[in-house]
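Chain by chain, the residues:
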There are 2 protein chains.
Amino acid sequence: MFETLNAHSDPESVRKAAREGFLNGPTAGLASGFVQVNLVILPEADAAGFLRFCQANPKPCPLLAVSEPGSRICKALAADLDIARDVPGYRIYRNGVVSESAADVAGEWRDDLVTFALGCSFTFEHALMQAGLRVRHIEQGRNVPMYQTSVPLTSAGGFSGKLVVSMRPFAAADAIRAIQITTRYPQVHGAPVHLGDPSLIGISDLNAPDYGDFVSVGDDEIPVFWACGVTPQQVLVDSGVEFAITHRPGHMLVTDIPDNSLALF
Amino acid sequence: MFETLNAHSDPESVRKAAREGFLNGPTAGLASGFVQVNLVILPEADAAGFLRFCQANPKPCPLLAVSEPGSRICKALAADLDIARDVPGYRIYRNGVVSESAADVAGEWRDDLVTFALGCSFTFEHALMQAGLRVRHIEQGRNVPMYQTSVPLTSAGGFSGKLVVSMRPFAAADAIRAIQITTRYPQVHGAPVHLGDPSLIGISDLNAPDYGDFVSVGDDEIPVFWACGVTPQQVLVDSGVEFAITHRPGHMLVTDIPDNSLALF
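Because the structure is predicted, anything quoted here is derived from the model rather than measured. (Residues numbered from 1 in each chain as written. Chains lettered and ligands numbered in written order. Predicted model: local features only at pLDDT ≥ 70, side-chain atom pairs only at ≥ 80, totals over all residues. Heavy atoms only, no water.)

## Overview of the packing of helix H3 (residues 122-130) of chain A against helix H5 (residues 172-183) of chain A
Residues and elements named next belong to chain A.
Part 1: Running from amino to carboxyl end, H3 crosses H5 at an angle of 130°, the nearest separation of the two axes being 10 Å. It follows that H3 is oblique to H5 by the angle criterion. At the point where H3 passes H5, the crossing takes the right-handed sense. Taking contact as the criterion, the partners of Phe124, Ala127 and Leu128 in H3 are, on H5, Ala178, Ile181 and Thr182.
Part 2: Across the contact of H3 with H5, the residue classes tally to five nonpolar, one polar and no charged. (Axes fitted to C-alpha atoms, helices over the stretch in contact; angles between N-to-C directions. Helix = DSSP H or I, 4+ residues; strand = E, 2+ residues; numbered from the N terminus. Parallel < 35°, antiparallel > 145°, perpendicular 65-115°, else oblique. Left-handed = near helix turned anticlockwise from the far one by under 90°. Contact = heavy atoms within 4.5 Å. Nonpolar A, V, L, I, M, F, W, Y, C, P; charged D, E, K, R; others polar.)

## Thoughts on the sheet that holds strand E9 (residues 221-227) of chain B
Residue and element names in this part refer to chain B.
Part 1: Taking strand neighbours across the sheet as the criterion, the four strands line up as E6-E7-E9-E8 in an open arrangement whose pairing is antiparallel. Every other strand in the sheet has two partners, leaving strand E6 (146-152) and strand E8 (194-195) as the edge strands with one partner each.
Part 2: Pairing of E6 with strand E7 (residues 162-171) involves four bridges; the strand directions are antiparallel. Within E7, the residue paired with Gln148 across the bridge is Val164.
Part 3: Those strands touched by helix H5 (residues 172-183) are E7, E8 and E9, and its axis lies near 130° from that of E7. (Pairing = 2+ DSSP bridges.)

## So, the pairing of E7 of chain B
Residues and elements named next belong to chain B.
Part 1: Extensive coverage of E7 is indicated by the burial of eight of its 10 residues.
Part 2: Relative to E9, E7 is paired through seven bridges, and the arrangement is antiparallel. Bridging across to E9, Pro169 finds its partner in Pro223. (Buried < 20%, exposed > 50% of the residue type's maximum accessible area, 1.4 Å probe, protein only.)

## Examining the interface of chain B and chain A
Part 1: Between chain B and chain A, the residue contacts involve 16 residues of the former and 16 residues of the latter.
Part 2: Summed over both sides, the interface of chain B with chain A buries roughly 1300 Å², with 79% coming from carbon and sulfur.
Part 3: Of all residues in chain B, Ile176, Gln180 and Leu195 of chain B give up the largest surface area on contact with chain A, accounting jointly for 36% of the area buried on that side.
Part 4: Applying the counting criterion to the chain B and chain A interface returns zero salt bridges.
Part 5: At the surface where chain B touches chain A, the tally comes to two residue pairs in polar contact (both at pLDDT 80 or more).
Part 6: In the side of chain B that touches chain A, the residues fall into 11 nonpolar, four polar and one charged. (Buried area = accessible area lost by both parts, 1.4 Å probe. Salt bridge = Lys/Arg side-chain N within 4 Å of Asp/Glu carboxyl O. Polar contact = N/O pair within 3.5 Å; in protein donor to acceptor, adjacent residues only side chain to side chain.)

## Quick notes on the relation of the copies chain B and chain A
Part 1: The transformation that overlays chain B on chain A combines an axial shift of 0.0 Å with a rotation of 180°, and the residual RMSD is 0.0 Å. Here the copies are linked by what is in effect a two-fold axis. Distance from the rotation axis, computed per C-alpha, reaches its smallest value in chain B at Gln180 of chain B: 3.2 Å. (Least-squares fit on C-alpha atoms with pLDDT ≥ 70 in both.)

## Quick notes on the side chain of Asp259 of chain A
Residue and element names in this part refer to chain A.
Part 1: The topology assignment puts Asp259 in the segment after strand E11 (253-258).
Part 2: Of the polar contacts made by the side chain of Asp259, one reaches the side chain of His126; its length is 3.0 Å.
Part 3: Setting aside residues no more than four positions away along its own chain, Asp259 makes contact with Gly33, Phe34, Val35, Thr123, His126 and Tyr185.

Here it is in structure tokens:
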């Protein structure tokens, strides 16, 4: 019924495969060149506060779009979209804990739910590779290593927590180039937040990421740290939110937005 | 006769003070906001080769202007200019060695001399400080520390040598910011060429710069290295050039070009 999904698939095909239940795995590498987004879905009562929180913490929570309350469409993201079904996997939060995973959330949908689409590092990784840089975890077929830091976020709207970062190792000249390239993409976490000594941001063991997979850092390399889209998921837990829906990590919403359209210059 | 020169002096006053012999010291901090340049003056026979060398090595040798052979003026740099007298101190090279220093080179001038004006890090340091970053050697009233590296330059036009770098220490977040800011100024060395471990570019002791002054690097800081305008002076020596004139290090030509006009974006 569905042909195999891959880098050459168009975004609509990926969403339809998820919608029809044929795709329930991670979206890394699918529909290359199109923006994939993190989703946070909250009742309207919490949405205004979360909007202020994102505004106050744009590096971990770069807002690409916010839906109308109750709406399962969002023209800013895609022409043909069902927010409750087009993601290959969802997480449902109740009273500050992840209570379950779900293939779709049509049955959980409410008239007051507001969807937040947040930029994802897949976009800048695409730009890094187009510039000839080698991204270790992609070359090794792993998830990017992610770490809980001790860096406090700016509390706002009833939300608070600490920054989660992703790490990519580079030789110094490539690290400088990676900073230049990601600076062009503020809507997908932008420039790194740290580089070098991990202990300065509260990471005790680089070899033991809190999320994702281990990748090695060579003696002649520098670990470079970007704000990570896992941050808001951790914030939902830390803030004890009553009800929320997100995508499952790695199971992103694939949009119709070309990656290159997010480049500042 | 001349009022005291300082940051508020206009560029023409600084040049005239040098021209009349009232200024024979370094130009750091004078006529703030205007571009100061490194000078390399060569006979026309060597100039075409040096131009190719600069083109092949734009980070240490960012060309801002090249004069007509024999001319002591250069409208691209300043309206009222005497290249042979407006620099507070010159160096004269004969057969690959610095043979003497001079307050002016009017007596050495020849009809075949071509002047190369190369960007200087003063311009990007001004931009760094305007962005609120603290530049250690300036705060400590010292010269920037400079190091001979093992990084080979691209040989061209009969010129060759190794890269000389300047070093400024920053905390990681400020290092990232400094990379962003200096990226905007490719005509004054642009983005750093290295950061972190000095040994990777052949620097054995960060506390013993080859030129300039020592500055300390804190445990929570990263040394950041930029290509340096001393590189071409070393190249003249290494290449055994028959005759050349440069400014004395730190004794720059002050131009009428506003620093901000060199920002790419």
